[in-house]
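# Descriptive structure summary
So the chains spell out like this:
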Amino acid sequence: MENKKLKIGIVGCGGIMRWSHLPAYKNVSDRVEIVAICDIIPSKMDEVTDLAHNYHNTDVIDNAARYTDFEEFVKHPGMEAIDICTPNYLHSVFACKALELGMHVFCEKPDAVSVEEALKMKKASEDAGKVLMIMRNNRHTSSSKKVKRLADAGEFGDIYCGRCGWIRRRGIPGKGGWFTTKEQSGGGPLIDLGVHMIDLAIYIMGNPTPVAVSGSIFTKFADNEGDASSEHARFGEVKADGTFDVEDLAMGFIKFDNGACLQIEFSWASNIEDHDLNFVELRGSKAGLKWTQSGTSSKILTEVYGKLIDVDVTVQDGVPGHENNLRHFLDVVLDGAEPDFVPQQGVNMIKILSAIYESAATGKEVSLVD
């Protein structure tokens, strides 16, 4: 019997849709049908169609209806879900509208640009009884899934502290465009990159609840001329005379309700040796974890019979985390699978990020306890 296909529409035809979501849809075409796409700039829809054929070798969006107006797009006949790939400030607006109309929502990170908006999304999902899933692709690499199974089985013991980060020597996305405009992005590398590694660390730790944060942010590279040529500029539109009112580096400290803590560091640009490094390091009473570069290296750091040993637990199956995350969304919607992400986790994430910005502004630790 032929599998049921989810009828989905994609809003936003920028970099993340082109380079991460589109190839994922190619590989799940047996379970999903893209019935509509939407972007306020018509030429972007032409470009992404050409890219699908010429680079990704797929026709998955050939038959999709095209819209430049979201209000018309979201009313497309028979559409059951939407995938949101827009600038950050539109995530909550579009998600809530789709949920209110009875559709499931798959949305790029970050969840929202404020706690209030994240709470609106959570409530809209609950009221509609529909799935709201935010992209957490680093949970879905093969190495991450293996490490999570080991943590849940108690292999690390009590995970009581750690550190995580994503640091770049130079790598500002779309300098001068929406990424570096706070009103549209909500912030700089903390909200852009921080979601990834903070989420993965907390996920492996067993999702403890954050209770307090402190942090500092810096903007030192707004006028640097060398950043716009970075490969990361493709995830956005460079504007020479545009806005740069966000941080380019953030550091902070998170405390949890179980007594654990987490150090964090995220940068688009800083004078470091590594050009682009993402990592999660956790320390447990039985063993530690070192996860680096999107799961390309995962090690358990432990002791056996008095001897210190490092055990390589890297798993490589060639399936990107974005694709695995999309497959999980489809499993939840079509087959009733248990979701590994729930909206409250997204609310907690935005609480953390917002509180770090507040702490940086006030110079004080910020409590997250109501």
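The present account deals with the structure reproduced in this document. (Residues numbered from 1 in each chain as written. Predicted model: local features only at pLDDT ≥ 70, side-chain atom pairs only at ≥ 80, totals over all residues. Heavy atoms only, no water.)

## Regarding the sheet that holds strand E2 (residues 32–38)
- Read from one edge to the other, the open sheet built from six strands follows the order E3-E2-E1-E4-E5-E6, with strand pairing classed as parallel. Single-partner strands in this sheet number two, and they are strand E3 (65–67) and strand E6 (132–134). The mean inter-strand angle of the sheet, taken between neighbouring strand axes irrespective of direction, is 20°.
- Sheet strands touched by helix H1 (residues 15–27): strand E1 (6–11), E2, strand E4 (81–84) and strand E5 (104–107). Its angle to E1, the strand with the most contacts, is close to 170°. (Pairing = 2+ DSSP bridges. Helix = DSSP H or I, 4+ residues; strand = E, 2+ residues; numbered from the N terminus. Axes fitted to C-alpha atoms, helices over the stretch in contact; angles between N-to-C directions. Contact = heavy atoms within 4.5 Å.)

## Here we look at the pairing of E2
- Counting buried positions along E2 yields six of seven residues, so the element is predominantly enclosed.
- Here six bridges tie E1 to E2, and the two strands are oriented parallel to one another. In the sheet register, Ile-8 faces E2, and the bridge partner there is Ile-34.
- Following the chain from E1 across H1 to the adjacent parallel E2, one finds a crossover that is right-handed.
- In this sheet, E3 lies alongside E2 in parallel orientation, the contact comprising three bridges. (Buried < 20%, exposed > 50% of the residue type's maximum accessible area, 1.4 Å probe, protein only. Right-handed = clockwise from strand over helix to strand, strands pointing away.)

## Some points on the sheet that holds strand E15 (residues 366–367)
- Strand order in the open sheet formed by nine strands is E14-E13-E12-E11-E7-E10-E9-E8-E15, and the pairing between neighbours is mixed. Since the sheet does not close on itself, it has two edges, and those belong to strand E14 (307–312) and E15, each with one partner.
- Where strand E7 (residues 159–168) and strand E11 (residues 276–284) come together, nine bridges link them in antiparallel fashion. Its bridge partner being in E11, Ile-159 is matched across the sheet by Gly-284.
- Across the sheet, helix H6 (residues 142–152) is in contact with E7, strand E12 (287–292) and strand E13 (297–304); its angle to E13 comes to roughly 30°.

## Observations regarding the nonpolar core
- Core analysis: the largest hydrophobic core is formed by 109 residues, its most contacted members being Phe-73, Ile-198 and Phe-329.
- When residues of this core are assigned to their parent elements, the largest contribution, nine residues, is made by helix H9 (residues 194–205).
- Excluding its chain neighbours within four sequence positions, the residues that come into contact with Phe-73 are Gly-9, Ile-10, Val-11, Ala-36, Ile-37, Cys-38, Tyr-67, Met-79 and Ile-82. (Core = buried A, V, L, I, M, F, W, Y, C linked by side-chain atoms within 4.5 Å.)

## A short note on unusual backbone geometry
- In this structure, Pro-110 follows Lys-109 across a cis peptide bond, with omega equal to -5°.
- At Asn-57, a residue that is not glycine, the phi angle is positive and equals roughly 55°.
- Inspection of the secondary structure puts Asn-57 in the loop between helix H2 (42–54) and E3.
- You will see that Asn-207, though not glycine, has its phi angle at about 60°, which is positive.
- Mapped onto the elements of the fold, Asn-207 is located in the loop between H9 and strand E8 (210–218).

## Re the packing of aromatic side chains
- Under the criterion given, the structure shown has six aromatic pairs.
- Measuring from centroid to centroid gives 3.8 Å for Phe-70 and Phe-94, while their planes differ by 10°, and the two rings are stacked. You can see Phe-70 sitting in helix H3 (residues 70–73) and its partner Phe-94 sitting in helix H4 (residues 91–100), a full 24 residues away along the chain.
- Ring centres of Trp-178 and Phe-179 lie 4.0 Å apart, and the angle between their planes is 25°; on these two criteria the pair is classed as stacked.
- The ring of Tyr-203 is capped by Lys-148, whose NZ or CZ atom sits 4.6 Å from the centre of that ring.
- The ring of Tyr-357 carries Lys-182 above its face, with NZ or CZ at 4.4 Å from the centroid. (Phe/Tyr/Trp six-rings, centres within 6.5 Å; stacked < 30°, edge-to-face > 60°. Lys NZ or Arg CZ within 6 Å of the ring centre and 35° of its normal.)

## Observations concerning H2
- Compared with the 18 Å implied by 1.5 Å per residue over 13 residues, the 19 Å span of H2 between its first and last C-alpha is a close match.
- Along H2, the residues classified as buried are Lys-44, Met-45, Val-48, Thr-49, Leu-51 and Ala-52. Looking straight down H2, one finds that the buried residues subtend no more than 160° of arc, so they occupy a single side.
- Those residues of H2 that are buried are in contact with H1, E2 and E3. (Expected span 1.5 Å × (residues − 1). Arc of directions from axis to C-beta.)

## Concerning H1
- Given a rise of 1.5 Å per residue, 13 residues ought to cover 18 Å, and the 19 Å separating the end C-alpha atoms of H1 matches this to within 8%.
- The largest bend in H1 comes to about 40°, at His-21, with the proline Pro-23 one to four residues further on.
- Those residues of H1 lying buried are Gly-15, Met-17, Arg-18, Ser-20, His-21, Leu-22, Ala-24 and Tyr-25.
- Contacts made by the buried residues of H1 are with E1, E2, H2, E4, E5 and helix H10 (321–335). (Bend = angle between axes of the 7 residues up to and from the residue.)

## Structural notes on the side chain of Asp-248
- With respect to the helices and strands, the residue Asp-248 is situated in the loop between E8 and strand E9 (249–256).
- Although buried, Asp-248 forms no salt bridge, and the nearest oppositely charged side chain, Lys-175, lies 7.7 Å from it.
- Within the structure, the side chain of Asp-248 is placed 2.7 Å from the backbone nitrogen of Lys-220, a separation counted as a polar contact.
- Once residues lying within four places of it in the same chain are set aside, the contact partners of Asp-248 are Pro-189, Phe-218, Thr-219, Lys-220, Phe-221, Ala-222, Phe-266, Ser-267, Trp-268 and Ala-269. (Lys, Arg positive; Asp, Glu negative; His and termini not counted. Salt bridge = Lys/Arg side-chain N within 4 Å of Asp/Glu carboxyl O. Polar contact = N/O pair within 3.5 Å; in protein donor to acceptor, adjacent residues only side chain to side chain.)

## Description of empty space enclosed by the protein
- Within this structure, the stated rule accounts for one cavity of 30 Å³ or more.
- Looking at the largest cavity, its volume works out to about 50 Å³.
- Taken together, Asp-111, Ala-118, Met-121, Lys-122, Leu-132, Ile-134, Phe-341, Pro-343, Gly-346 and Val-347 make up the lining of the largest cavity.
- A class-by-class count of the residues in the lining of the largest cavity yields seven nonpolar, one polar and two charged. (1 Å grid on protein atoms, 1.4 Å probe; cavity = no way out; pocket = protein on both sides within 12 Å on 5 of 7 lines; lining within 4 Å. Points joined across faces, edges and corners; volume = space filled by probe spheres on them. Nonpolar A, V, L, I, M, F, W, Y, C, P; charged D, E, K, R; others polar.)

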